[in-house]
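Listed here are the chains, written in short residue letters.
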Amino acid sequence: MTTDPYAWLEQSLTTIIRANWLRSVETLESLPGAVVQLEGRKVLNFASNDYLGLSGDWRLIEAAVAATREYGTGSTGSRLLSGHRKLHLQLEKAIASLKQTEDALVFSSGYLANLGTIAAVVGKRDLILADEYNHSSLKNGAILSGAKVVNYVHSHAADLHQQLAQNRHNYRRCLIITDSVFSMDGDLSPLPEILAIAEQFSCMVLVDEAHATGVLGTTGAGCVEHFGCSGQTLIQVGTLSKALGSLGGYVAGSSALTDFLRNRSPSWIYTTGLSPADTAAALAAIEIVEKEPQRRVQLSKNVDTLKQLIKQQLPQLKLLPSESPILCWQLDSAADALAAGQQLKASGIFAPAIRPPTVPSSRIRLSVMATHELAHFQQLVDVLVNIIHGSFDTPSPETRDS
Ligand SMILES: *Cc1c(COP(=O)(O)O)cnc(C)c1O
């Protein structure tokens, strides 16, 4: 046999291209912010998870530089070996204080926090109930754990209840996992109902606050606070890389949970500790979240402003239901979403097309920042009006993609 064992790669790529599923990167050439330089052009940024505008904030930058000067660029090893610094402990205390939990544990990314936590708390004899729209890291964490995974209909408490009534008795432990703000839709999971059902069936709950931390709740603690559920026993996971403007992930909960994870979570034990720069930047961000609630207030005003403008000027635009800064314009096909994304970009708006397999239906995802201004929203809506009323010249297919 002389067949090329790698030939399937080209064939797979061809299939991906035909389905309009091919992804590529775009180079950002400036500090992050409401306006950025993208591939040589100034554009309005509606593509970022930097909800509070902190990742370009000089205080985070200074904190990262100072930590780098003091401790170097890398943390040089696992937290249990040479990779632990005082900064890590300070950050963990700050997260626990924000979340009103006994303790917190910092991972090198939110993805790793989900993988390592889910795989540590459940195993072969256990059951996972998962929202069908959960983030990839929750889905892969569930697979990695070896537990039986049952999906329930998106945000459907009655379906969750029914699946538990059918399956719970066959398993030892049970973990319910859900995004709190759904990352590609912008709606919220029905957390109070989920917690009540969890109690009834003796289940643990893991909620992923990636898009809620710093954004929702009176103090910015997230959806758990937003729904008045602070203080209840549950596992809160999140990221330092969205509203907190840095890099890394965390788990917040009881000390028993974090002590257990320090001993049993492979993606915490066998990976290098978070860098001093990222740790210090996240710590500075949490201080800002606590001291400057006006950023959160402005963000929520901005979301209302954009929704109002769209409602007034483009009542026919199909927005998915959202209670967060993530607003999605639903489109009929991946090709339509790609074309809309390209028309937006040609008009100076950076807002990505999100397509299968990330989501079941194609859309343009707009994310609002606290640092956007009224003129930015007006410009966005003007461009959307042009695209929807067909007064935009569609680029020919040859010039469309690189
Ligand atoms: C972004 C995201 C993550 C991953 O966080 P990283 O720190 O970027 O690895 C996990 N869960 C959800 C819901 C996310 O949106």
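Draft legend 1. Fine view of the domain arrangement of the protein. As far as domains go, the protein holds domain 1 (31-51 + 293-400) and domain 2 (58-291). Here domain 1 and domain 2 have C-alpha centroids that lie 28 Å from each other. Between domain 1 and domain 2, the residue contacts involve 23 residues of the former and 26 residues of the latter. Summing both partners gives a buried area of about 1,700 Å² for domain 1 against domain 2, and 56% of it is carried by carbon and sulfur. The largest contributions to the domain 1 side of the interface with domain 2 come from Tyr-51, Arg-296 and Glu-323, which together make up 34% of the buried area. One can count one salt bridge joining domain 1 with domain 2. Arg-363 serves as the salt-bridge partner of Asp-185, at 2.8 Å between the closest nitrogen and oxygen. Elements with a minimum of two residues in the side of domain 1 that touches domain 2: helix 12 (293-313), strand 10 (326-330) and strand 13 (363-367). By residue number, the principal contributor to the side of domain 1 that touches domain 2 is helix 12, which donates five residues. Of the residues belonging to the side of domain 1 that touches domain 2, the class tally is twelve nonpolar, five polar and six charged.

Draft legend 2. Just helix 3 (residues 86-99), in detail. For helix 3, built from 14 residues, the straight-helix expectation of 20 Å at 1.5 Å per residue is met to within 8% by its first-to-last C-alpha distance of 20 Å. By the burial criterion, the buried members of helix 3 are Leu-87, His-88, Leu-91, Glu-92, Ala-94, Ile-95, Ala-96, Leu-98 and Lys-99. Positive phi shows up at Gln-100, right after helix 3, with a value of about 55°.

Draft legend 3. Just unusual backbone geometry, in detail. Of the consecutive residues Pro-356 and Pro-357, the connecting peptide bond is found in the cis state with omega at 10°. Relative to the elements of secondary structure, Pro-357 occurs in the loop between strand 12 (353-354) and strand 13. For Glu-39, which is not glycine, the phi dihedral falls at a positive 45°. Along the polypeptide, Glu-39 turns up in the loop between strand 1 (35-38) and strand 2 (41-45). Residue classification places Glu-39 among the partly exposed residues on the basis of a relative accessible area of 39%.

Draft legend 4. Focus on the sheet that holds strand 4 (residues 127-131). Pairing is mixed in the open sheet, where seven strands are placed in the order 3-9-8-7-6-4-5. One side of each edge strand has no neighbouring strand; the edge strands of this open sheet are strand 3 (103-107) and strand 5 (148-152). Adjacent strand axes in the sheet meet at a mean angle of 20° when their direction is disregarded. Here strand 4 pairs with strand 5 via five bridges, running parallel. What sits directly across from Leu-129, in strand 5, is Val-150. Its contacts with the sheet place helix 9 (residues 255-264) against strand 3, strand 8 (235-239) and strand 9 (249-253), and it is angled at close to 30° to strand 3.

Draft legend 5. Representation of a nonpolar patch on the surface in the model. On the surface, a nonpolar cluster with roughly 400 Å² of combined accessible area is contributed by Leu-13, Ile-16, Ile-17, Trp-21 and Leu-22. Mapped onto the elements, Leu-13 comes out in helix 1 (residues 7-18).

Draft legend 6. The side chain of Arg-79, seen in detail. Relative to the helices and strands, Arg-79 is located in the loop between helix 2 (58-71) and helix 3. Polar contacts involving the side chain of Arg-79 include one to the side chain of His-84, which spans 3.0 Å. Leaving out residues up to four positions away in the same chain, Arg-79 has contacts with His-84, His-88, Glu-92, Val-106, Trp-268, Thr-271 and Gly-273.

Draft legend 7. Structural context of the packing of aromatic side chains. All chains considered together, the criterion is met by one aromatic pair. Ring geometry for Phe-46 versus Phe-377: centroids 6.1 Å apart, planes at 45°, classification tilted. Placement of Phe-46 in the loop between strand 2 and helix 2 and of Phe-377 in helix 14 (residues 374-388) is noted, with a sequence separation of 331 residues between them. On the accessibility criterion, Phe-46 (0% relative accessible area) is buried. Overall, Phe-377 belongs to the buried group, its relative accessible area being 0%.

Draft legend 8. Geometry of the nonpolar core. Leu-91, Ile-95, Leu-240, Leu-344 and Ile-364 are the most contacted members of the largest nonpolar core, which totals 71 residues. Sort the elements by how many residues they give to this core and helix 11 (residues 276-291) lands first, with ten residues. Other than its neighbours up to four places away in sequence, Leu-240 contacts Leu-91, Ile-95, Val-106, Gly-245, Ser-246, Leu-247, Gly-248, Gly-249, Tyr-250, Leu-274 and Ala-282.

Draft legend 9. Layout of the packing of helix 12 against helix 14. Running from amino to carboxyl end, helix 12 crosses helix 14 at an angle of 30°, the nearest separation of the two axes being 10 Å. When the interaxial angle is binned, helix 12 and helix 14 end up roughly parallel. Note on packing geometry: the crossing formed by helix 12 with helix 14 is right-handed. Contact residues: Asn-302, Thr-305, Leu-306, Leu-309, Ile-310 and Gln-313 in helix 12; Leu-374, Phe-377, Gln-378, Leu-380, Val-381, Asp-382 and Val-385 in helix 14. By residue class, the composition of the contact of helix 12 with helix 14 is eight nonpolar, four polar and one charged.

Draft legend 10. Here's a closer look at the environment of Leu-188. Within the secondary structure, Leu-188 is located in the loop between strand 6 (174-179) and helix 7 (191-200). In this structure, the C-alpha to C-alpha distance between Leu-188 and Ser-155, residues 33 residues apart in sequence, is 8.0 Å. Filtering out sequence-adjacent residues up to four positions away, Leu-188 remains in contact with Ser-155, Ser-180, Val-181, Phe-182, Leu-216, Cys-223, His-226, Phe-227 and Glu-323.

Thresholds applied
Residues numbered from 1 in each chain as written. Predicted model: local features only at pLDDT ≥ 70, side-chain atom pairs only at ≥ 80, totals over all residues. Heavy atoms only, no water. Domains from an automatic or database assignment. Contact = heavy atoms within 4.5 Å. Buried area = accessible area lost by both parts, 1.4 Å probe. Salt bridge = Lys/Arg side-chain N within 4 Å of Asp/Glu carboxyl O. Helix = DSSP H or I, 4+ residues; strand = E, 2+ residues; numbered from the N terminus. Nonpolar A, V, L, I, M, F, W, Y, C, P; charged D, E, K, R; others polar. Expected span 1.5 Å × (residues − 1). Buried < 20%, exposed > 50% of the residue type's maximum accessible area, 1.4 Å probe, protein only. Pairing = 2+ DSSP bridges. Axes fitted to C-alpha atoms, helices over the stretch in contact; angles between N-to-C directions. Patch = residues over 30% accessible without salt bridge, like charges linked within 9 Å, V, L, I, M, F, W, Y side chains within 5 Å. Areas by Shrake-Rupley, 256 points an atom, 1.4 Å probe, with all protein chains shown as cover. Polar contact = N/O pair within 3.5 Å; in protein donor to acceptor, adjacent residues only side chain to side chain. Phe/Tyr/Trp six-rings, centres within 6.5 Å; stacked < 30°, edge-to-face > 60°. Core = buried A, V, L, I, M, F, W, Y, C linked by side-chain atoms within 4.5 Å. Parallel < 35°, antiparallel > 145°, perpendicular 65-115°, else oblique. Left-handed = near helix turned anticlockwise from the far one by under 90°.

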